[in-house]
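Results of the structural survey
Below are the chains, spelled out letter by letter.
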Amino acid sequence: MKLVKFPSYYQSSTLSYKKFHKISDSAWQLVLRFGKRTTIHGLDRLLSSGVSRWERFVWLCTFVTAFLGAVYVCLILSARYNEAHFQTVVDSTRFPVYRIPFPVITICNRNRLNWNRLSQAKAMFMKNVTDDTQLSLFESIIGCFDEVFFGHFQPFERLRNQPTELLNYINFTQVVDFMTWRCDELLTECLWRNYVYNCCDIFSKRRSKNGLCWAFNSLETEEGRRMQLIDPLWPWRTGSAGPMSALSVRVLIQAAKHIPGRQNEKGIDVMVTEPFVWHSHPFNIPANTETTLEIEPIIYFYDNDTRGVRSDQRQCVFDDERNSEDFRSLQGYVYMIENCQSECHQEYLVRYCNCTMDLLFPPGQYRSCQAKDFLCLAEHNDELRYSHQPGEVAFVHNNFKGMVCKCFRNCFSLNYVNDVRPAFLPPNIYGNISFVDLDVHYRFETIMVYRTSLVFGWVDLMVSFGGIAGLFLGCSLISGMELIYFLCIEVPAFGIEGLRRHWYSRRKLQTVSNSTTPTINFDQKSLYVRNYITQLKTEQPKHLMQRQRIDLKKFQRSAFN
């Protein structure tokens, strides 16, 4: 039987303290080894083995102060980066105009319809109708379309108390398309860079918020896209500037074919837009004028470093930022501020009247307005006529409710500064034929390009962080890698090795305690101890007698042999 003495509480505490002290010594030796080979200034002196306590305290205070200073300056730099201040600089002063497409020139007659085709329209769209009420109502509705455009729906007020639901089956967009001006009725004498073209070959009919118009250099129509397949240089460009250097066209007014009784100023509306733009505010050009339209393009763009900033913070949207909350455009169109505004206007139209005017917008997901809905457009004309910018309420008196559209500029924006100069012709020149001679050209052969970039980008932030780390701590990226390697590789390896040793010692102790040797715990009750001692005393004489017999036999053998 083997006696094993179990440690008391005081002895266990002493063993635990010794064990903790041993682990802390090992950890300190690990830290000292790191301090000898680190390149972080001050940390090597702080963790040196031959340094006194006072010197170690001085270096500790120095290192902590430098570290806190570095953290403070880095926080200032981070706040400066998050503020995302922008600067706009001149990127080029002599960017040639032939590097950009010539703008899309859209021409509309202010009297939208050729009234001479009214009888043909009745025969086509109301073939079997003999009711005079429906025929008169059909003529009234078509007369309204002669002067309707987005934000100008007052003519539909004439349909009040009229049974418009009787004509819900008629698609008035098709009627207007049939009665609108054809190319040869509106355009003639087309020249592009002093070369004569057939106007119907270079102009195509397209929809806009002004109704059906004719556009040059457009990609919005099937004819324009077909032209691009035939001519790889379409949309066309020009490298010249000045009068007669680009597009020249005569627009016929055809006053004799206008709706009778309408007293309005005769003339045309001209839009100047970049490709893929649905609508822009047109210029009103009076009839019987020789008009010069000079265009000065200006390019504004944000560089790629600004993509890391939110669109609402940089106040512009890239055309491929479809996941941005500020991305809004007409269905099938790229992002442009004009397309965003047009989509917003269409949404207001649907909100008020639960339909859209497909004559004024591209085909989409909304229901087209029928004859019964036209009066609703007139009733909400004031809300659809005026638009306000978000946040202007505190600065501007608004007498009408209007529309509020949150639309930012596209981050690559081609703007046009236009100068329209009409000169009225004497009567002996135009005679009985009203027309507008329109000359559209660039003002200069070069344009200005402005680039917007971050004042403090992520590259500047990284360089500043590196400079601050070198100034305050005298370390670099390699020093950081040393610290990361120590924390992520050496410290876990040290911990794993300690756990392995601890597990091995516990397993060895458990093996000893589970052996067949009886053990006595002297910390048990005294009764068990007395019984054990008594048992030893009774067993001791037996062992002595047996030992004496064995010794006697050994003596006899040695004596008689």
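This section reports on the structure supplied with the text.

Rules used throughout
Residues numbered from 1 in each chain as written. Predicted model: local features only at pLDDT ≥ 70, side-chain atom pairs only at ≥ 80, totals over all residues. Heavy atoms only, no water. Helix = DSSP H or I, 4+ residues; strand = E, 2+ residues; numbered from the N terminus. Buried < 20%, exposed > 50% of the residue type's maximum accessible area, 1.4 Å probe, protein only. Contact = heavy atoms within 4.5 Å. Phe/Tyr/Trp six-rings, centres within 6.5 Å; stacked < 30°, edge-to-face > 60°. Expected span 1.5 Å × (residues − 1). Pairing = 2+ DSSP bridges. Salt bridge = Lys/Arg side-chain N within 4 Å of Asp/Glu carboxyl O. Polar contact = N/O pair within 3.5 Å; in protein donor to acceptor, adjacent residues only side chain to side chain. Disulfide = S-S within 2.5 Å.

Details of the overall build of the chain
A tally of helices and strands in the chain yields 17 helices and 17 strands. The buried share among the 561 residues of the chain stands at 40%. Within the chain, contacts between residues at least 6 apart in sequence are counted, and of these 74% link residues at least 24 apart.

Quick look at the packing of aromatic side chains
Scanning the model with the defined rule gives 27 aromatic pairs in all. When the centroid spacing of 5.3 Å and the interplanar angle of 45° are considered together, the rings of Trp192 and Phe216 count as tilted. Pair noted here: Trp192 is in strand E3 (residues 187-192) and Phe216 is in strand E6 (residues 211-216), with a separation of 24 residues, a long-range link. The exposure class assigned to Trp192 is buried, which follows from its relative accessible area of 6%. Looking at Phe216, the relative accessible area reads 0%, which means it is buried. Judged by centre distance (5.2 Å) and plane angle (15°), the ring pair of Tyr300 and Tyr450 falls under stacked. With a gap of 150 residues between them, Tyr300 in strand E10 (residues 289-302) and Tyr450 in strand E17 (residues 446-454) connect regions that are remote in the sequence. With relative accessibility at 22%, the residue Tyr450 sits in the partly exposed group.

Digging into helix H3 (residues 53-83)
Helix length check: H3 (31 residues) gives 45 Å between terminal C-alpha atoms against 45 Å at 1.5 Å per residue, within 8%. Among all positions of H3, only Phe63, Ala66, Gly69, Ala70 and Leu77 are buried. Of the residues one or two after H3, Ala84 is the one with positive phi, at around 55°.

Some remarks on the pairing of strand E7 (residues 247-252)
Of all 6 residues making up E7, 5 are buried, and the element is well covered by its neighbours. Where E3 meets E7, 4 bridges bridge the pair, whose relative direction is antiparallel. When the bridges of E7 are listed, Trp192 appears paired with Leu247. Pairing between E7 and strand E16 (residues 435-442): 6 bridges, direction antiparallel. Looking at the pairing, Ser248 lines up with Asp439 of E16.

Looking at the environment of Leu471
Its place among the elements puts Leu471 in helix H15 (residues 458-472). Spatially, the C-alpha atoms of Leu471 and Ala70 are 8.3 Å apart, while their sequence positions differ by 401 residues.

A look at the pairing of E3
As paired strands, E3 and strand E4 (residues 195-197) are joined by 3 bridges and run antiparallel to one another. Across the sheet, residue Trp192 finds its bridge partner in E4, namely Tyr195.

With respect to the pattern of salt bridges
Summed over the entire model, instances satisfying the criterion amount to 26 salt bridges. A cluster of three or more residues bridged by salt bridges with shared partners is formed by Glu294, Glu296, Asp419, Arg421 and Arg443.

Observations concerning the side chain of Arg262
Structurally, Arg262 can be placed in the loop between E7 and strand E8 (267-273). Among the residues examined, Arg262 registers a relative accessible area of 18% and is labelled buried. Side chain to side chain, Arg262 and Asp146 meet in a polar contact 2.6 Å long. The residues contacting Arg262, other than those within four sequence positions of it, are Arg110, Asn111, Asp146 and Glu147.

Overview of the state of the cysteines
Using the criterion set out here, one finds 8 disulfides in the structure. Each sulfur of the disulfide joining Cys183 and Cys200 lies 2.5 Å from the other. Here the S-S torsion is close to -115°, and the disulfide linking Cys183 with Cys200 is therefore left-handed. Separated by 17 residues along the polypeptide, Cys183 in helix H7 (residues 183-186) and Cys200 in helix H8 (residues 199-202) bring together distant segments of the chain. You can call Cys183 buried: its relative accessible area is 5%. Note that Cys316 is cross-linked by a disulfide to Cys411, the S-S spacing being 2.0 Å. Classification of the bridge connecting Cys316 and Cys411 rests on its S-S torsion, roughly 90°, and on that basis the disulfide is right-handed. Taken together, the positions of Cys316 in strand E11 (residues 316-317) and Cys411 in the loop between strand E14 (409-410) and strand E15 (412-424) put the pair 95 residues apart, joining distant regions of the chain. Looking at Cys411, the relative accessible area reads 1%, which means it is buried.

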